[in-house]
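Coordinate analysis (summary)
Next come the chains, spelled out residue by residue.
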Amino acid sequence: MPHIRARDGVSIYYEEHGAGERHVVCSQVEHFPASLELELARRGFHVWLLTNRGFGRSQHVTEDYGAHWYDRFADDVIDFADAMGIDRFVYSGASNGAGTGFHVALRHPERLIAFLAVTAGPHNPDESRMSVRQQALRGEMPAHCIVYPTDDPGLLARRERLGEAQAALRARADYAAVYDSPETRAIDYGRPMSALGGEAGLQRALRGIRTPVLLMGGVEDTIARVDLMARTAKCLPNCKLVLYSGFGHCLDICEELADEAVAFLEHLEATGRVYAPVMEPGTGLD
């Protein structure tokens, strides 16, 4: 199985999808069989899926990094890129993976071409600094990955396949040791940027991120709420915000997200802007 060693020696597991010179890196606690990143791999991007230290097939750790887990995750992304000889790349992530993206943008902005952030928020640290995952494990978090009804047959079929894949994973003999070990269950990686002085410090940090950001979310999301995403878009100087009605934290419309991402990246490459080129007078709009 492919691994790289982070700067402190921790082993980070990764998967490779697609090929080419357009690199997309994503680091998550868990990757799903259907995602924006896998769809980008089908569209000609070279996609690298990292598993966060402490989880899955990455090395399980017992050290508690306190308020700096996301800093570790972000540095692991850079250590991976260095190991692979990738100078600049697009970072993409959903939920906790998007949290890592904000820390990459803060700590290593020179390495980023753009940041694709799905159901990102980030959280208001003044509300809580415990990770949603740990709150759920403790029974302190109401259901948040709500799958809202749809009449789309393709989406229904995908959801059924995803459920089957998750059931098959949990039935594996090594599931508990790899994905649900005592070390893993004990981890509370907190919330992004919570060490920066609460909500006020978080907003100051967001205003300093110059990286172009595409922020995509669901109107019904109770974790990365609309008010949080709107606050983030207001703070970020180079951001496009896309919201979908009828979806929550499980934003499982990968093709649509990829359409937005590809258009965003194409506009960025062609014009240096996060929006489509503006037509001059006399070109059909007057």
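Provided above is the structure to which this section pertains.
First, a word on scope: everything that follows refers to the structure included in this document. The residue count restarts for each chain, going from 1 along the sequence in the order it is written. Reporting of local features is limited, given that this is a predicted model, to residues whose pLDDT is at least 70; pairs of side-chain atoms are given and counted only at 80 or more, and all residues count toward the totals for whole chains, interfaces and linings. No hydrogens and no water enter the side-chain calculation; it runs on all heavy atoms of the structure.

1. Side note on the pairing of strand β4 (residues 46-51)
Most of β4 sits inside the fold, with six of its six residues counted as buried. In this scheme, a residue with accessible area under 20% of its type's maximum is buried, one over 50% is exposed, and one in between is partly exposed, where area comes from a 1.4 Å probe on protein chains only. Comment: elements are numbered from the N terminus, with helices defined as DSSP H or I runs of at least four residues and strands as E runs of at least two. By the alternation rule, side chains of β4 split into His46, Trp48 and Leu50 and Val47, Leu49 and Thr51, which are all buried. Here, a strand pair is defined by DSSP locating no fewer than two bridges between the strands. Sheet analysis places strand β2 (residues 11-17) next to β4, joined by four bridges and oriented antiparallel. Paired with Glu15 across the bridge in β4 is Leu49. The sheet contact formed by strand β3 (residues 23-28) and β4 spans six bridges and is parallel. Looking at the pairing, Ser27 lines up with Leu50 of β4. The definition of a right-handed crossover adopted here requires that, viewed with the strands pointing away, the path from the first strand over the helix to the second runs clockwise. Since β3 and β4 lie parallel, the crossover through helix α1 (residues 36-42) that links them has a hand, and here it is right-handed.

2. Quick look at the pattern of salt bridges
Whenever Lys or Arg places a side-chain nitrogen within 4 Å of a carboxyl oxygen from Asp or Glu, that contact is recorded as a salt bridge. Counting across every chain of the model gives 20 salt bridges. The salt bridge partner of Asp79 is Arg7, with a shortest N-O separation of 2.8 Å. With a gap of 72 residues between them, Asp79 in helix α2 (residues 69-84) and Arg7 in the loop between β1 (3-5) and β2 connect regions that are remote in the sequence. Residue class for Asp79 comes out buried when judged on its relative accessible area of 11%. Glu260 is paired through a salt bridge with Lys240; the nearest N and O atoms lie 3.2 Å apart. Of this pair, Glu260 sits in helix α10 (residues 254-271) while Lys240 sits in strand β8 (residues 239-244), placing them 20 residues apart in sequence. The structure contains a network of salt bridges with shared partners spanning Arg7, Asp71, Asp75, Asp79 and Arg107.

3. Topic: the nonpolar core
Leu50, Phe80, Phe89, Phe102, Tyr189 and Leu206 are the most contacted members of the largest nonpolar core, which totals 44 residues. No other element matches α2, which puts eight residues into this core. We call two residues in contact when some of their heavy atoms are within 4.5 Å. Sequence-distant contacts of Leu206, defined by excluding residues within four places in its chain, comprise Phe102, Met193, Arg231, Thr232, Cys235, Leu236 and Pro237. The term nonpolar core refers to a set of buried residues drawn from Ala, Val, Leu, Ile, Met, Phe, Trp, Tyr and Cys, joined through side-chain atoms within 4.5 Å. Core analysis: the second largest hydrophobic core is formed by 29 residues, Leu38, Met216, Val262 and Leu268 among them.

4. A few points about the environment of Ala195
Topologically, Ala195 is positioned in the loop between α7 (182-186) and α8 (198-207). For Ala195 and His68, which are 127 residues apart along the polypeptide, the C-alpha to C-alpha distance reads 7.4 Å. The contacts of Ala195, once residues within four sequence positions are left out, are Ala67 and His68.

5. Here's the deal with α8
Given 3.6 residues per turn, any residue in an α-helix points the same way as the ones three and four places further on. Listed as buried for α8 are Gly198, Glu199, Gly201, Leu202, Ala205 and Leu206. Taken end-on, α8 shows its buried residues confined to a sector of 160 degrees, consistent with a single buried face. In this context, the arc is that of the directions from the helix axis out to the C-beta atoms.

6. Concerning the packing of aromatic side chains
How two aromatic rings sit relative to each other is given by the distance of their centres and the angle of their planes. Think of it this way: a Phe, Tyr or Trp ring, Trp meaning its six-membered ring, pairs with another when their centres are within 6.5 Å, and the plane angle makes it stacked under 30 degrees, edge-to-face over 60, tilted otherwise. Applying the stated criterion across every chain yields a total of twelve aromatic pairs. Ring centres 5.8 Å apart and planes at 85 degrees place the aromatic pair Tyr70 and Tyr189 in the edge-to-face group. You can see Tyr70 sitting in helix α2 and its partner Tyr189 sitting in the loop between α7 and α8, a full 119 residues away along the chain. Per residue, the accessibility class of Tyr70 equals that of Tyr189, and both read buried. Ring centres of Phe73 and Tyr189 lie 6.1 Å apart, and the angle between their planes is 70 degrees; on these two criteria the pair is classed as edge-to-face. One end of the pair, Phe73, is in helix α2; the other, Tyr189, is in the loop between α7 and α8, with 116 residues separating them in the sequence. Judged by relative accessible area, which is 1%, Phe73 ranks as buried. Given the relative accessible area of 8%, Tyr189 is considered buried. Grouping aromatic residues by their ring pairs yields a cluster made of Phe55, Tyr65, Trp69, Tyr70, Phe73 and Tyr189. Placement of a positive charge over a ring is assigned whenever Lys NZ or Arg CZ falls within 6 Å of the ring centre and within 35 degrees of the normal to the ring plane. One Lys or Arg, Arg22, reaches over the ring of Phe45 and ends 3.9 Å from the middle of that ring.

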